[in-house]
Amino acid sequence: SRTGRPDYHLGACVGCDGVPFSGSELDRCGVCGGPGCDSSEPSLRSWCCDCAGIPFGPHIVDLCCDCVNREEHWLELSDGVFNGPPENHSLAIDFWARGRERVMNGTMELSAFRLSLFTAEGDMYNRSFSVYAPFLEALELFQLGWQAIRDPSSDDNSTCYRDVYIGANTSNPRDSCGVCGGDNSTCLGCSLVNPKLQGDPIPDGGELFDDCNMCGSGNSDIDHCQVCFGSNSTCNGCDGFPNSGKVIDECMGSLDLRVLTFEGPAGALGSGCSDPVEFRAACDAGEGGCCGCDGVPNSPKRFDGCQECIDQTNENTTNLINATCNGCDGVAFSGLVLDHCCVCGGDSDYTAQCYLDLLAFGASSTLPFDPYTMDHGAYFVEEGQLLIDECGECRYWGYLGSTCLGCDGIHGSGLIKDSCGVCGGDCSTCTSDETGLAHNCSAPGKGWTGMDQTCKLVRTEGQSEAWINWTAFPNGTEGSGDKTSNSWYRRINRYGAPNFTEAAKGECRMFLEPPPPPGPREIPEWVVIAYGLEEGPYTLDELEIGSIQVFDSTTEEISTVTLLPTTMVARMTTYLQRQIVPYGQTSMYQSRVQSWQDRAATKLVTSPLVPGVDNDVVVEGFATELWHGGQFMPMAVMPGMERIIYPYCTGSTWRGGAHRLHGKKLPGNYLGIITTENITDVGGLTDQAWNPLDEYIYDVSVGWMDQKCTCSSTWQFDSQPIAPTCPKVWFPWSGWVEDGWYVSHNTYVNDTARYSVAQQRSWA
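This one's a predicted model, so the numbers in the text were calculated from it and none came from an experiment. Counting starts from 1 at the beginning of each chain's written sequence and moves along it residue by residue. Given that this is a predicted model, residues contribute local features only at a pLDDT of at least 70 and side-chain atom pairs are listed and counted only at 80 or more, while totals for whole chains, interfaces and linings are drawn from all residues. To obtain the side-chain values, all non-hydrogen atoms of the structure were included, while hydrogens and water were left out.

### Here's the deal with the overall build of the chain
Reasoning step 1: Going along the chain from the N terminus, every DSSP run of H or I of four or more residues is numbered as a helix, and every run of E of two or more is numbered as a strand. Within the chain, the regular secondary structure consists of 16 helices and 27 strands.
Reasoning step 2: Buried positions account for 38% of the 764 residues belonging to the chain.
Reasoning step 3: Here, Shrake-Rupley sampling with a 1.4 Å probe gives the accessible areas, and only protein chains in the shown set may cover a residue. Counting only carbon and sulfur atoms, one obtains 53% of the accessible surface of the chain, whose full area is about 42900 Å². Note on classification: 1.4 Å probe, protein chains only; a residue is buried when its accessible area is under 20% of the maximum for its type, exposed when over 50%, partly exposed between these limits.

### Some remarks on the state of the cysteines
Reasoning step 1: Throughout, disulfides are identified as pairs of cysteine sulfur atoms within 2.5 Å of each other. All told, the structure shown has 23 disulfides when counted by the stated rule.
Reasoning step 2: With its sulfur 1.9 Å from that of its partner, C341 forms a disulfide with C354. The disulfide joining C341 to C354 has a torsion of about 85° about its S-S bond and is therefore right-handed. Of the two residues, C341 sits in the loop between β10 (309–311) and α7 (353–356) while C354 sits in helix α7, which places them 13 residues apart along the sequence.
Reasoning step 3: Disulfide partner of C407: C423, at an S-S distance of 2.0 Å. Residues C407 and C423 are joined by a disulfide whose S-S torsion is about 95°; by sign, that bridge is right-handed. Of this pair, C407 sits in the loop between α9 (382–387) and α10 (432–435) while C423 is found in the loop between α9 and α10, placing the two residues 16 residues apart along the sequence.
Reasoning step 4: Note on C407: relative accessible area 25%, which makes it partly exposed.
Reasoning step 5: Note on C423: relative accessible area 30%, which makes it partly exposed.

### A look at a nonpolar patch on the surface
Reasoning step 1: On the surface, M124, M214 and F229 cluster together into a nonpolar patch covering about 240 Å² of accessible area.
Reasoning step 2: Within the fold, M214 resides in the loop between β5 (198–201) and β6 (227–228). Patches in this entry comprise residues that are over 30% relatively accessible and not in a salt bridge; like charges within 9 Å are linked, as are nonpolar side chains (Val, Leu, Ile, Met, Phe, Trp, Tyr) within 5 Å. Salt-bridge detection follows one rule: a side-chain nitrogen of Lys or Arg within 4 Å of a carboxyl oxygen of Asp or Glu.

### A closer look at the layout of surface pockets
Reasoning step 1: As defined here, a cavity is a set of points on a 1 Å grid over the protein atoms alone where a 1.4 Å probe fits but cannot get out. A pocket is an open set with protein on both sides within 12 Å along at least five of seven lines, and residues line them when an atom is within 4 Å of a point. Grid points are joined across faces, edges and corners, and a volume is the space filled by probe spheres set on the points. Approximately 610 Å³ is the volume attributed to the largest pocket.
Reasoning step 2: Lining the largest pocket are 21 residues, with T317, L320, A497, P498 and E502 positioned closest to its centre.
Reasoning step 3: Broken down by element, the lining of the largest pocket gets its largest block of residues, three residues, from β10.
Reasoning step 4: Any residue outside Ala, Val, Leu, Ile, Met, Phe, Trp, Tyr, Cys, Pro, Asp, Glu, Lys and Arg is labelled polar, Gly included; the first ten of those are nonpolar and the last four are charged. A class-by-class count of the residues in the lining of the largest pocket yields seven nonpolar, nine polar and five charged.

### Considering the nonpolar core
Reasoning step 1: Judged by nonpolar contacts, the single largest core of 28 residues is most densely connected at W96, V103, F135, F142, I149, Y165 and F209.
Reasoning step 2: The biggest single contributor to this core is helix α3 (residues 132–150), with seven residues.
Reasoning step 3: We call two residues contacting when some pair of their heavy atoms lies within 4.5 Å. With residues near it in sequence (within four places) discarded, W96 still touches L63, F142, G145, W146, I149, R174, C177 and G178. Nonpolar cores were defined as sets of buried Ala, Val, Leu, Ile, Met, Phe, Trp, Tyr and Cys residues, with membership established by side-chain atoms within 4.5 Å.

### Notes on the packing of helix α2 (residues 87–116) against α3
Reasoning step 1: Each axis is a line fitted through C-alpha atoms, and for a helix only the stretch in contact is used; angles between axes span 0 to 180 degrees, taken between their N-to-C directions. Where α2 meets α3, the closest approach of the two axes is 8 Å, and the angle between their N-to-C directions is 165°. Classed by the angle they form, the pair α2 and α3 counts as roughly antiparallel. The hand of the α2/α3 crossing is left-handed. By the definition adopted for this analysis, an angle is roughly parallel if under 35 degrees, roughly antiparallel if over 145, roughly perpendicular if from 65 to 115, and oblique otherwise. Handedness of a crossing follows from how the near helix is turned relative to the far one, being left-handed for an anticlockwise turn of less than a right angle and right-handed for a clockwise one.

### A look at the packing of aromatic side chains
Reasoning step 1: Aromatic rings from Phe, Tyr and Trp, taking only the six-membered ring of Trp, are treated as a pair when their centres fall within 6.5 Å; an angle between ring planes under 30 degrees marks them as stacked, one over 60 as edge-to-face, and anything in between as tilted. Evaluation of the coordinates by the stated rule reveals 13 aromatic pairs.
Reasoning step 2: Ring geometry for Y372 versus Y489: centroids 6.2 Å apart, planes at 45°, classification tilted. Within this pair, whereas Y372 is found in the loop between α7 and α8 (376–379), its partner Y489 is found in the loop between α11 (465–468) and α12 (500–503), the two being separated by 117 residues in sequence. In this structure, Y372 and Y489 share a single accessibility class: buried.

### Remarks on helix α4 (residues 159–166)
Reasoning step 1: For α4, every residue scored as buried is listed here: Y161, V164 and Y165. Buried residues along α4 cover an arc of 85° about the axis, so they all sit on one side.
Reasoning step 2: Buried residues along α4 sit in contact with α3.
Reasoning step 3: Looking one or two places after α4, you find A168, whose phi comes out positive at around 55°. Note that the arc is defined by the directions from the helix axis to the C-beta atoms.

### Some details on the environment of L609
Reasoning step 1: Tracing the sequence through the fold places L609 in the loop between α14 (590–599) and β18 (614–626).
Reasoning step 2: A relative accessible area of 41% places L609 in the partly exposed class.
Reasoning step 3: L609 sits 23 residues away from T586 along the chain, and the two C-alpha atoms are 8.1 Å apart.
Reasoning step 4: Leaving out residues up to four positions away in the same chain, L609 has contacts with Q590, V593, Q594 and Q597.

### A word on the environment of G237
Reasoning step 1: With respect to the secondary-structure elements, G237 resides in the loop between β6 and β7 (247–248).
Reasoning step 2: Considering only alpha carbons, one finds G237 and D275, 38 residues apart in sequence, at a separation of 9.3 Å.
Reasoning step 3: The contacts of G237, once residues within four sequence positions are left out, are S244 and K246.

### Here's the deal with the pairing of strand β13 (residues 526–530)
Reasoning step 1: Most of β13 is tucked away, with four of its five residues classed as buried.
Reasoning step 2: Whether two strands pair depends on DSSP finding at least two bridges between them. The hairpin turn running from β13 into strand β14 (residues 533–538), its antiparallel successor, is two residues long, and Y531 in that turn takes a positive phi close to 55°.
Reasoning step 3: Inspection of the sheet shows β13 paired to strand β17 (residues 568–585) by three bridges, in the antiparallel sense. Counterpart to V528 in the pairing with β17 is V569.

### Things to note about the confidence of the model for the chain
Reasoning step 1: Scored from 0 to 100, pLDDT records how confident the predictor is in each individual residue. Mean pLDDT over the chain: 78, with 79% of residues reaching 70 or higher.
Reasoning step 2: Summarising per-element confidence for the chain, the mean pLDDT is lowest in helix α16 (residues 752–755) (37) and highest in α3 (94).
Reasoning step 3: Contacts from residues 1–10, a stretch scored under 50 in pLDDT, to residues over four places away or in other chains number 13 contacts.
Reasoning step 4: Here residues 643–711 scores under 50 on pLDDT; set against residues more than four positions off or in separate chains, the count is 167 contacts.

### Structural notes on the side chain of S413
Reasoning step 1: Within the fold, S413 resides in the loop between α9 and α10.
Reasoning step 2: In terms of polar contacts, S413 uses its side chain to reach the side chain of D408, at 2.7 Å. Counting of polar contacts relies on pairs of N or O atoms within 3.5 Å, with two restrictions inside protein: one atom must be capable of donating a hydrogen and the other of accepting it, and residues adjacent in sequence are counted only when both atoms are side-chain atoms.

### Notes on the environment of C354
Reasoning step 1: On the basis of relative accessible area, C354 is assigned to the partly exposed category, the value being 33%.
Reasoning step 2: In this structure, the C-alpha to C-alpha distance between C354 and C341, residues 13 residues apart in sequence, is 6.2 Å.
Reasoning step 3: With sequence-adjacent residues up to four places away left out, C354 is seen in contact with C341 and S348.

### Comments concerning the pattern of salt bridges
Reasoning step 1: Taken as a whole, this structure holds twelve salt bridges when the rule is applied.
Reasoning step 2: Across the salt bridge formed by D94 and R98, the nearest N and O atoms sit 3.3 Å from each other. Note that D94 and R98 are positioned in helix α2 at a spacing of four residues, about one turn of the helix.
Reasoning step 3: Residue classification places R98 among the partly exposed residues on the basis of a relative accessible area of 32%.
Reasoning step 4: Here E101 makes a salt bridge to R102, at a shortest N to O gap of 3.9 Å.
Reasoning step 5: Look at E101 and you get partly exposed, because its relative accessible area is 40%.
Reasoning step 6: Among the ionic contacts, a cluster of salt bridges with common partners joins E101, R102 and E137.

### Observations concerning unusual backbone geometry
Reasoning step 1: A cis amide bond links G536 to the next residue, P537, at an omega of 5°.
Reasoning step 2: With phi around 55°, D79 is a residue other than glycine that occupies positive phi space.
Reasoning step 3: A relative accessible area of 73% means that D79 is categorised as exposed.
Reasoning step 4: A positive phi is found at C427, a non-glycine position, where the angle reads about 75°.
Reasoning step 5: By the secondary structure assignment, C427 is in the loop between α9 and α10.

The following block contains the structure:
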């Protein structure tokens, strides 16, 4: 049926709604409990009824509001040519219906807008954006509808059409809104005389309410700020123009000469009133508005003749103006520098006699002075110290030893501050707020690597790439306090170099360890037989729970399978495997062979490069197989599960709220567990703290923690006194194990020397 109900019943008393004795039936349109087609009121009929009350019938309401059989009616009018109305009839009816819908939408939006005006203050208020538009759309739709119906192609040769639309001597059965027998109420406009009253129909020239709740004003009362009866004052920029987007910028009130002498219009860059995006772009480009070449508003920095950004008002840097491109002769871009004897344009290096004359007795002449590995006072005589500063630069440049002065005030120390402001620091004391990292820096010893969240200072900027890659300790030593001979130092030998602490920068970087590799107990490599099917793979941790969840195909539910010592398990291994796969023959053309190999490079390990040969390709992938020749084995004897799954110690334990002893199996104690009673077997053996004759010990308990026991060489008193216990595993062989115990017949031999437990073994 249309509502999705089944068209059959489970019994004679069940209604179509599935409810017994409900009495609900499908009507002739397939609607459960539907109204059918019998009502004289069309709106009360079911969905498939035509205007004559016939389900899925051929009758429709024509243009003149008569219910006619579409096939018979128009076949007769057209002498058997057409079996339906002209296309424009349907178009007109659709346009009228959509127009009435838009009028209803506009009326609803108008009501909501009027409610919002109760909270408006004063005579100005924000306009609506959803009132006027639907009324305008409605007017257009009505006009299209009436144009379509009056088009000559709409003439269907009927008397009605001729009398109503051609001769106009009969009143139209449809109102101006296109409704049969209507009273124009579905498309009325507003009245200019009294906006509270309804006016003429919209298709007949009725006025429309606009987005200011005004009748016939056509949104003419809205200012540029989208405010009704506004004066454009609510959206003016600082330049006085509506919606200009201009705001007061950071240059307003600046004492910058460019601002004080600005003669352009308000809103232009430099006036103090500008577009924020344009202002920022001009600032970033350098020297826009009142910005310096560093992009900072009201900054004193300007580009000099060498296009260097320098604070030209600072007396400490005025000597650098136009200096970065000047040679030592003071001529811009001459390229002349000082030689090692501080002669402009000279050619003396550190082996020249004029340089050797500056060295103190015993100073090495095999290398020029390096402030990071040598002592200035011990290297130069007084004349040399007067000519060359503590950083190895000729004093002519005026650096006064600033190009190698560390943050500790020592020349050649190489120390800079880390992100938390510690001179020579290694970032170990820095917080996340200071570094911008996700965590605070921590000392080594954290995490599985011992290095998690540890930090170090990494050089990122310097006077040269060599300083960034310098391998010396932060203080320029080899770690023992001695100066390293491995230096990065090169003379700057030009104007415009910044201080060392300004040029040398670093950042804190943190080591975040990756997830630890899975341990032996966390690798999913165990397959379990349950209900005859292979389940898994599982980890040892998952199996130690004592049970697994499997899908029972019989009940189609998830069920719990308890793991027993006899449960069959296998161990799975995955490894990389290569195979040779025949793939036809290679092409007879070398270029195609190479092209094919290039396309398949990501899928193959190797393939032949020779044309016209067997194309035996080598592929690789991961293969999975079971250990021990694919054999499933009981958990109690499976290698790799020793001391893991079924009891790995004997003696006494605290289980299930009672003190229990692991003993041997007896006719009355088939589990091998002695709890609160004394049992003697037929051979006269009494309870024992050992279990020498059985393959395994099994204890039924509530949880897996209750199925473990703790091995201890001494008495335990956690819950109540527990006797000393010792380990036991079930190896399918005999021999010495790694902890020094001898295993025989799947049982540990007692080690009295280790645990001092006075026991006698009895082998049957």
